[in-house]
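Coordinate inspection notes
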Amino acid sequence: RHQFDDLPLDKIEAGENWRKEFETPEFSLFVANIKDNGVLEPILVTIPDQRGVHSIVAGERRYRASVKAGLKSIPARILDMNEDQLLNAHIAENLQRKDLAPLEEAEGLLSLVAKAEQR
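Below, the structure is looked at part by part. (Residues numbered from 1 in each chain as written. Predicted model: local features only at pLDDT ≥ 70, side-chain atom pairs only at ≥ 80, totals over all residues. Heavy atoms only, no water.)

1. Description of the overall build of the protein chain
Along its length, the protein chain carries four helices and five strands. Starting at the N terminus and ending at the C terminus, the protein chain contains elements arranged as β-β-α-β-β-α-β-α-α. By residue count, 34% of the 119 residues in the protein chain fall in the buried class. The long-range share in the protein chain, meaning contacts at least 24 apart out of those at least 6 apart in sequence, stands at 80%. (Helix = DSSP H or I, 4+ residues; strand = E, 2+ residues; numbered from the N terminus. Buried < 20%, exposed > 50% of the residue type's maximum accessible area, 1.4 Å probe, protein only. Contact = heavy atoms within 4.5 Å.)

Dropping the structure here:
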């Protein structure tokens with residue numbers, strides 16, 4: 001089950017992300033675009049935890065740009081999935097990125113392998 005909602009930014013926190021560098025030279029242009037047009041593609045988040053906070057599965061750069069743009073909320077798709085399904089969604093989203101540095105991708109894959117071995 002998935003639902004869409006406009007979530008308050010203060011009820012969202014960064015999840016695990018392979019990307020380490022968010023404020024690239026074009027980031028300020030992205031922030032300006034979000035100020036002018038809003039967020040055009042929803043971020044993906046988990047269902048809220050016991051604190052009522054959602055973790056980001058995909059879209060942390062959009063989230064960070066929204067915060068910097070001064071928005072109060074962001075469109076989100078809330079994923080009601082178990083841990084394995086969320087991990088698969090996270091892998092799929094990260095592997096599709098074109099601008100991910102090779103070292104970030106390698107570190108992310110190693111992190112996922114370590115998680116899988118813990119299960």
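2. A few points about the environment of Asp 80
Tracing the sequence through the fold places Asp 80 in the loop between strand E5 (73-79) and helix H3 (83-95). Accessibility expressed as a relative area gives 37% for Asp 80, which makes it partly exposed. Each C-alpha atom of the pair Asp 80 and Gln 3 lies 8.4 Å from the other, and the pair is 77 residues apart in sequence.

3. Details of helix H2 (residues 60-69)
Extensive coverage of H2 is indicated by the burial of seven of its ten residues. Every buried residue belonging to H2 is among Glu 60, Arg 61, Arg 62, Tyr 63, Ala 65, Ser 66 and Ala 69, and all of these are buried. Contacts from the buried residues of H2 go to strand E2 (12-13), helix H1 (27-37), strand E3 (43-46), strand E4 (54-58) and E5. The first or second residue beyond H2 is Gly 70, which carries a positive phi of 85°.

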